Amino acid sequence: MTGGSALSLRRFLRSAGFAWAGVRHAYRSQPNFRIECWAAALALGLTAVLGAPLAPILLTCALVLSLELLNTALEAVVDLVSPELHPLAKVAKDAAAAAVLLASLGALGVGAAVLGPPLLGVLRGGLP
C-alpha cells in the first residue's frame, strides 16, 4: 500500500490544503461565492449578537457554500468536456445552479425563522 495510513496527519493536512485551494479559487473567481461568504459571515455574526441558536444557521450556511463549490466544480468539468454549446451541458449547469438557488431560499427561510423573532425584539426596544 502506498501513500501511508488513511489516518495520517500528513495526509489529512495535504488533503485539507487541496480543499482550501478550491475555496480560494472559488472566492477569487466566483462573485456569487463571495456574496454568499459575506452573507454567511453576516448571518453568523447576527446569530452571535442576538444569542440565537447557532446550529441551524451554521448548517444552512455550510449547505449553501458547499453547493456553490459543487456548482463551480461541475461548471468547470462541463466546460472541459463540452467546450462548445450543448443542450445537455446547459441542463447540467442549470440544474447545479438551481440547487444553489433552492438552498439559498431555504437558508433565507431558516434565517427568518431563527433570527426574525430575536431581531424583532431588538428593533422593538428589547435586548437579545
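For the structure, check the block above.
Computed from a prediction, not measured in an experiment: that's the story for all the values here. (Residues numbered from 1 in each chain as written. Predicted model: local features only at pLDDT ≥ 70, side-chain atom pairs only at ≥ 80, totals over all residues. Heavy atoms only, no water.)

**Student:** Can you lay out the packing of helix α3 (residues 54-81) against helix α4 (residues 87-123) for me, pointing to particular residues and giving the numbers?
**Tutor:** A pair of packed helices is captured by two measures, namely the crossing angle of their axes and the spacing between those axes. Look at α3 against α4: their axes get within 9 Å of each other, and the N-to-C directions meet at 170°. Between α3 and α4, the interaxial angle falls into the category roughly antiparallel. Among the residues forming the contact of α3 with α4, the class breakdown is 18 nonpolar, four polar and four charged. (Axes fitted to C-alpha atoms, helices over the stretch in contact; angles between N-to-C directions. Helix = DSSP H or I, 4+ residues; strand = E, 2+ residues; numbered from the N terminus. Parallel < 35°, antiparallel > 145°, perpendicular 65-115°, else oblique. Nonpolar A, V, L, I, M, F, W, Y, C, P; charged D, E, K, R; others polar.)

**Student:** Can you lay out the nonpolar core for me, pointing to particular residues and giving the numbers?
**Tutor:** By size, the foremost hydrophobic cluster in this structure holds 11 residues: A26, F33, A40, A43, L50, A52, I57, C61, L65, V114 and L115. Going through the elements one at a time, α2 (31-50), α3 and α4 are the ones with two or more residues in this core. Of all the elements, α2 adds the most residues to this core, at four residues. (Core = buried A, V, L, I, M, F, W, Y, C linked by side-chain atoms within 4.5 Å. Buried < 20%, exposed > 50% of the residue type's maximum accessible area, 1.4 Å probe, protein only.)

**Student:** Can you break down the state of the cysteines residue by residue, with the values?
**Tutor:** In protein structure, a disulfide is the covalent linkage between the sulfur atoms of two cysteines. With the rule as written, the count across this model stands at zero disulfides. Free of any disulfide, C37 has its nearest neighbouring cysteine sulfur in C61, separated by 9.7 Å. (Disulfide = S-S within 2.5 Å.)

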